[in-house]
Each structure stands twice: as structure tokens, then as C-alpha cells.
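If you want the building blocks of each chain, they are given just below.
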Amino acid sequence: MTTHQLRKSYRIVVAVAAAVLLVAACGDDDIPETDIPVPPPETEIPARDAAAAATTTEPSIEGTTVTLITHDSFNLSEGTLAEFTAQTGVTVELLEVGDTGELVAQAVLTKDAPLGDVLFGIDNTFLQRGLDAGIFERYESPALAGVPEEFQLDSRHRVTPVDYGDVCVNYWKDAVPWEPVTLDELTFGEFADQLVVQHPETSSPGLAFMLATIAAFGDGWELYWEDLRANGVTVTAGWEDAYYGEFTAGGGDRSVVVSYASSPPAEVIFADPPTEVAPTGVITESCYRQIEFAGILSGTDNEAGARALIDFMLSETWQNDVPLNMFVYPVIESATLPPPFVEHTAVPDNPLMLDPAEIEANRDAWTERWVEIVLR
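Residues numbered from 1 in each chain as written. Predicted model: local features only at pLDDT ≥ 70, side-chain atom pairs only at ≥ 80, totals over all residues. Heavy atoms only, no water.

On a plain count of helices and strands, the protein comes out with 15 helices and 10 strands. For the protein, the exposed area adds up to about 16,300 Å²; of that, 49% sits on carbon and sulfur atoms. (Helix = DSSP H or I, 4+ residues; strand = E, 2+ residues; numbered from the N terminus. Areas by Shrake-Rupley, 256 points an atom, 1.4 Å probe, with all protein chains shown as cover.)

Where helix 8 (residues 221-230) meets helix 15 (residues 356-374), the closest approach of the two axes is 9 Å, and the angle between their N-to-C directions is 30°. For the pair helix 8 and helix 15, the sense of crossing is right-handed. Side by side, helix 8 and helix 15 meet where Trp221, Glu222, Trp225, Glu226 and Arg229 of the first sit next to Trp366, Arg369, Trp370, Ile373 and Val374 of the second. Residue classes in the contact of helix 8 with helix 15 are distributed as 6 nonpolar, no polar and 4 charged. (Axes fitted to C-alpha atoms, helices over the stretch in contact; angles between N-to-C directions. Left-handed = near helix turned anticlockwise from the far one by under 90°. Contact = heavy atoms within 4.5 Å. Nonpolar A, V, L, I, M, F, W, Y, C, P; charged D, E, K, R; others polar.)

Running from N to C, helix 4 (residues 78-88) and helix 11 (residues 303-313) cross one another at 130°; their axes reach a closest spacing of 11 Å. Judged on the interaxial angle alone, helix 11 and helix 4 are oblique. You can see that helix 4 and helix 11 cross each other, and the crossing is right-handed. Together, Thr80, Glu83, Phe84, Gln87 and Thr88 of helix 4 and Gly305, Ala308, Leu309 and Phe312 of helix 11 make up the contact between the two elements. (Parallel < 35°, antiparallel > 145°, perpendicular 65-115°, else oblique.)

Turning next to the confidence of the model for the protein. Summary statistics for the protein give a mean pLDDT of 87 and a share of 83% for residues scoring 70 or more. When the criterion is pLDDT under 50, residues 1-5 qualifies, and its contacts beyond four places in sequence or with other chains add up to 34 contacts. A low-confidence stretch, residues 7-57 (pLDDT under 50), is modelled with 65 contacts involving residues beyond four sequence positions or located in other chains. (pLDDT = per-residue confidence, 0-100.)

On strand 6 (residues 195-198), burial covers both faces: Leu195 and Val197 on one face and Val196 and Gln198 on the other are all buried. The sheet contact formed by strand 6 and strand 8 (residues 256-260) spans 2 bridges and is parallel. What sits directly across from Val196, in strand 8, is Val257. Pairing geometry for strand 6 and strand 7 (residues 234-236), over 3 bridges, is parallel. What sits directly across from Val196, in strand 7, is Thr234. (Buried < 20%, exposed > 50% of the residue type's maximum accessible area, 1.4 Å probe, protein only. Pairing = 2+ DSSP bridges.)

This brings us to the state of the cysteines. Tallied over the entire structure, the rule returns 1 disulfide. Bridging Cys168 to Cys287, the disulfide has an S-S length of 2.0 Å. Disulfide Cys168-Cys287: torsion about the S-S bond near 115°, hence right-handed. With a gap of 119 residues between them, Cys168 in strand 5 (residues 160-172) and Cys287 in strand 9 (residues 280-297) connect regions that are remote in the sequence. Given the relative accessible area of 0%, Cys287 is considered buried. (Disulfide = S-S within 2.5 Å.)

By the definition in use, this model includes 21 aromatic pairs. With 5.8 Å between their ring centres and 75° between their planes, Phe74 and Phe120 make a pair best called edge-to-face. Separated by 46 residues along the polypeptide, Phe74 in the loop between strand 1 (65-70) and helix 4 and Phe120 in strand 3 (residues 118-123) bring together distant segments of the chain. Across the pair, Phe120 and Phe74 agree in class, each one buried. Aromatic side chains Tyr329 and Phe341 sit 5.4 Å apart centroid to centroid with 75° between the ring planes, which places their arrangement in the edge-to-face category. (Phe/Tyr/Trp six-rings, centres within 6.5 Å; stacked < 30°, edge-to-face > 60°.)

Turning next to the pairing of strand 3. Most of strand 3 is tucked away: 6 of the 6 residues are buried. Pairing analysis gives 2 bridges linking strand 1 to strand 3, with the strands arranged parallel. Residue pairing in the sheet places Leu68 in a bridge with Val118 of strand 3. Direction of pairing for strand 3 relative to strand 9: antiparallel, over a ladder of 5 bridges. Within strand 9, the position partnered with Phe120 by the bridge is Ala294.

A grouping of Asp184, Glu226, Asp227 and Glu285 is seen on the molecular surface, where their side chains present a negatively charged patch. Relative to the elements of secondary structure, Glu285 occurs in strand 9. (Patch = residues over 30% accessible without salt bridge, like charges linked within 9 Å, V, L, I, M, F, W, Y side chains within 5 Å. Salt bridge = Lys/Arg side-chain N within 4 Å of Asp/Glu carboxyl O. Lys, Arg positive; Asp, Glu negative; His and termini not counted. Charge placed at Lys NZ, Arg CZ, Asp CG, Glu CD.)

Here it is, written out as C-alpha cells:
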């Protein structure tokens, strides 16, 4: 999952926190390009077919319901989807399908008879798999004009960027020998037996951190993991086991954990007793960017409704709602971040990333090699 485990842990109380923050607010006066191919020039449409082409380009809404297939950590405020219905007359039905890997696998398996109209939640670690399988229809939303190009990884517009988050190494400020700023410091003797990571085969942040080390160290990534293993790194199956089990936040004896750039503001939002200072910090050099996309599924019965929902995902209504519900960042430039995200998190200037095609071609081999090194 992308930021999913974090979202699931926080979603029960997030509505209360959001309300408190809104009241408080009212009282206060280079990512690398991918190798995804550019489509060939469009074939000229004969004049006699112009009317038919226009109908295809601008379909009318054919139903009053759009089915949105997403991961099981999807969460928005109650009124957000209701606002979409008020604007369009279209009701959104949600179909939650496991984590990101399960979501994409299900969509590929059912591509000839899709279970819904729009898929939300595929990220850049699984993007190429979905594109190669041809599960999406092309659609370039007019609202993309407000989205920086760095988030638009598919030049053919089969998917639309909706939000992003950064998987980063976090540390408990009062429990580390010093506040680390580089990945290399985690191999120092002073940090022996302090790092907990997640397994890349069973955890999205675990996969993202493995990819981060590959992006950071290139051919030297295996040696880096050998050094981490020699320095006492421990591995859990998922984020929750790491963060609320082994890590200091849950009473564990590990002061460093793979988590998210949005974890420090979450620590402040849900602190009991309340605090104005985040107890955790982030090694921004370690951050691997995950961008979440939405796409219209090929074979949809309501293309116009699906397009309308994609457009709405890039509206301020949707974009302003995601930080406190899914603990990710909006992609549109006009979005407003809640105060804790401004005060208690650091967005890396140059997050680590790998090309989606490179990930798809090497994921299994990289993961197998990781297991050989770390768990042998």
C-alpha cells in the first residue's frame, strides 16, 4: 500500500481532528522523466465522421451512478462525494479492493469485464503494470492545467495524478544519539539495532524504501543493505507492526523507522495529551515519492460520468480534503494545506524516484536479492 497503513490507523478519529483544525483555522487572521512512450500522431478524421468523433470526445452522462474502485484505505469527509453528486447528479458507489497491489491485480484480471468505471489508487510503483495491461482509457482533464508537470508521468493521459506522499525514514528525536540527515548514518555503530523497516513483498513503504536505496546508491544498493543488516536492522511485515510495535511511538526499543513525511504532523494531530511539537523527525534525503493516480477503466458504461469524477478529483473540494483524511498531499497548486502539514513536515526538494518501467522490469529480481541479503 502507499500511505495506506498510516491512513487506516488514523481514519477513525480523523473527522474529529479535522473539525477542530477547521475551527482553529477560522480563528486565525526535480523528478526524472519516465520512458512511457509518446503516442503516434492522431489520424486525421474525415469531415463526414466529424459529428461522430465529437460525440465520442464529449459523451453525455448515461447513468446516475459511477463505480469507483479503490484501495481499502480510501477515506474522504462525508460531504465531499455528496458535493460531486450535487454538481453532476451522479452518485459515486465505492468498491474497495485490498491494497494497491491487489487493486491493480484485480483490475488487470477483470479488464474485459471491469468491475467499475474509475480506478483510484494506482501509484508509480505499480503504474507500468496497469498501463501495459491496457486497463485505462485515455482522458486529458482540463483541470490538469493546475497540476505541475512533475506529477504527470503518463504523456498519453491514461491516468491522472491526484495526490502524492513521501515514504521517508523517521526518527524519535529524544531517543537517537543525534538527529540523522543522511542514509549513511544509519550504518554507523551509534545507530546499531535502531532501524526497523518493512518487508518489500508485503508492505508498500517497505517496497518504497528498497527502491529509495536503489535510486540513491545505484549498483551499491546491495552493499548498503549488507551494512544495514550488519548494523542490526529488523524487518516487520507491515507499517503498523513497525511503527506501533518496534518503534518508540508504540513503546518499542527502535528509534528509527521507515514511515512517511506526513507522520510528524499526524503525531501532533493525534497526540494525547496534546502537543505543539512533533516528537519525530524525517530524514528528507531518504524520501521516496509515491504519486497516486486515477484512471477511467476501459469498457466503462458511463464515460461522461467517469470523466466528471476525474475532473472533480482535481477540484479544490477534493484536493483540500485529502491531507487530513488520507495523509497525503494534494497535487493542484491552488490547494490549501492544513496548518499541521505546514508546521510539522518537510517536503523534500529532490525526492528519490525510479522510472515506472524500470520498476516493473526489475521489481521481482530486486526483491529476491533483498531477501537473500537481509533475511538469509
